[in-house]
Every structure is written in C-alpha cells, then in structure tokens.
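# Tertiary structure, described
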Amino acid sequence: NTNMAHIIKPAVATLKDVKAYNVEGGTSTAGTNTRVLNTVTGESWFVTLSGTGTTGIGGTNTDFTLEPGTYKIVGNFEIYKSDRSFIWLYDVTNSSYSPTWVGSTSYQHSGTGIGTGQVHLHIPTLTLTSSTEFNIKNYVETGLSTEGFGVAHDQSGYNTFYGTLQIEKLK
C-alpha cells in the first residue's frame, strides 16, 4: 500500500480579462464595480464562465461557476487613477461574501502623471459543497472612463491582460 499523494498534481485554471492591444481596460465608476473575466486557460473542467456577457478576447462576461470542491484562488487586477481601491470575491449564488475573501487595498492617486497599479486577491482555502457562481468586485473611490481598469499599449499582435484569476482545485 504505497502513498502516492506526493505525485498528485492539482488542476489549475486561469480566468483572464483579455482585450486587444489597443483597447483600454474598461470604465470604472466610483463605488463597486464588477470585473470582466472573459477567457479561461489551463485545466478548466471544474470552472465555467457563467455570466450573461460574451466570452473570448474583448468579451464582457463577469461571472464564473465552480463545482463542489476545495480551491486556492489568487488574482491580480489592474487599476488606474482610482484613488482608494480594493477587491473581493463575491458569491453570486448566495448574494454574499466572506471577510476572508477580501483582497489587498491600493492607492493610485487620480492626479496627472500617475501610473497604473494592481489590487491582489489571495484566498488560501475555499471549500464548496455545491456548485457556486462568483464574480470579482472592485471598489474604487474615483471612477475613470475607459482606462479605469488599465491603460492600453500600442504593440500590435500582443493582447493585453487587465485581470488574471488563478484557481487551483486542491480536491
């Protein structure tokens, strides 16, 4: 009876907000915003994009559903001139969130000459007993038109990632 637990590899899926090289990250409004997640890569058998928006590059989807299980979730999302900002995982199915699902705060001054920043999410363990739909909420103090969630670049042929959420299925 040999213990093989040390060679079991967890499944990892990455959800992203992908836009073309010359498209801004999206409009932020003062208050709570829902971040776009329009693309899935990796081993995605346990997660589906489940919002009403479109998927793929430039898509508008925001929600995703996880099957029952235990997960580790890590995310990074761009912000620009937002003043105070923070991020959290929101349970759409149960209209709730946990204080342990709140990510980092950031301060990106809304004045001129200020660059972009990121807010980060790290949830070491999330256990679900039933399929649950989620999205990512991002509070910003100061909204900004089309660049609030990141500034586009000018290198044709290279898409831009304004948000990345890595979900590891632990069991």
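Relevant structure appears above.
Described below are features of the structure shown in this document.

## What about the sheet that holds strand β11 (residues 160-169)?
- Strand order in the open sheet formed by five strands is β3-β1-β11-β6-β9, and the pairing between neighbours is antiparallel. Across the chains shown, the open sheet's two edge strands, defined by having one partner strand only, are β3 (39-42) and β9 (116-128). Along the sheet, successive strands turn relative to each other by an average axial angle of 20°, direction set aside.
- As judged from the 11 bridges shared by strand β6 (residues 69-80) and β9, these two strands associate in the antiparallel manner. Note that in β9 the partner of Gly-69 across the bridge is Leu-128.

## Quick word on the packing of aromatic side chains
- Per the stated rule, a full pass over the model turns up seven aromatic pairs.
- Ring geometry for Trp-88 versus Tyr-97: centroids 6.1 Å apart, planes at 45°, classification tilted.
- On the basis of relative accessibility, which here comes to 10%, the residue Trp-88 falls in the buried class.
- Here the aromatic cluster, defined as three or more aromatic residues joined through ring pairs, consists of Phe-86, Trp-88, Tyr-97 and Tyr-139.
- When the ring centre of Tyr-90 is taken as reference, the NZ or CZ atom of Lys-137 above it lies at 5.1 Å.

## Structural notes on the side chain of Asn-61
- Within the element layout of this structure, Asn-61 appears in the loop between β4 (47-49) and β5 (64-66).
- Exposure remark for Asn-61: the relative accessible area of 0% places this residue in the buried category.
- Here Gly-51 takes part through its backbone nitrogen, which lies 2.8 Å from a polar atom of the side chain of Asn-61.
- In contact with Asn-61, not counting residues within four places along its chain, are Arg-35, Val-36, Leu-37, Asn-38, Leu-49, Ser-50, Gly-51, Thr-52, Gly-53, Thr-54 and Thr-55.

## Structural notes on the nonpolar core
- The biggest cluster of nonpolar side chains holds 26 residues, and the ones touching the most others in it are Phe-64, Leu-66, Ile-73, Leu-89, Leu-165 and Ile-167.
- Those elements that place two or more of their residues in this core are β1 (11-19), β5, β6, β7 (83-91), β9, β10 (132-140) and β11.
- For this core, the element with the most residues is β9, which contributes five residues.
- Not counting residues within four places of it along the chain, the set of residues in contact with Leu-165 comprises Ala-13, Thr-14, Leu-15, Leu-37, Phe-64, Ile-73, Val-74, Gly-75, Phe-77, Leu-121 and Ile-136.

## A short note on unusual backbone geometry
- In this structure, Lys-81 takes a positive phi of about 50° despite not being glycine.
- Among the structural elements, Lys-81 can be located in the loop between β6 and β7.
- With a phi angle near 50°, Ser-95 is a residue other than glycine that sits in the positive phi range.
- Tracing the backbone through its elements, the reader meets Ser-95 in the loop between β7 and β8 (102-108).

About the criteria used
- The residue numbers shown here count from 1 along each chain, following its written sequence.
- Per-residue local features of the predicted model are confined to residues with pLDDT of at least 70, and side-chain atom pairs are confined, for both listing and counting, to 80 or more; whole-chain, interface and lining totals are unaffected and use all residues.
- Computation of side-chain values: all heavy atoms of the structure, hydrogens and water removed.
- Being paired, for any two strands, means DSSP has found at least two bridges between them.
- Only DSSP runs of H or I covering at least 4 residues are called helices, and only runs of E covering at least 2 are called strands; the numbering of each starts at the N terminus.
- Under this scheme, a helix contributes an axis fitted over its contacting stretch, all axes are lines through C-alpha atoms, and angles between N-to-C directions fall in the 0 to 180 degree range.
- Centre distance within 6.5 Å is the pairing criterion for rings of Phe, Tyr and Trp, where only the six-membered ring of Trp is used; planes under 30 degrees apart are then read as stacked, over 60 as edge-to-face, and the remainder as tilted.
- Each residue is assigned to one of three classes by its accessible area relative to the maximum for its type, calculated with a 1.4 Å probe on protein chains only: buried under 20%, partly exposed between the two thresholds, exposed over 50%.
- Here, over-ring charges are defined by two tests on the NZ atom of lysine or the CZ atom of arginine: distance to the ring centre within 6 Å, and angle to the ring normal within 35 degrees.
- We define a polar contact as two N or O atoms separated by no more than 3.5 Å, with the added condition that, inside protein, one atom must be a possible hydrogen donor and the other a possible acceptor, whereas residues neighbouring each other in sequence contribute only through side-chain atom pairs.
- Contacts were defined at the residue level, with two residues in contact if any of their heavy atoms lie within 4.5 Å.
- Throughout this description, the term nonpolar core refers to a set of buried Ala, Val, Leu, Ile, Met, Phe, Trp, Tyr and Cys residues connected via side-chain atoms within 4.5 Å.

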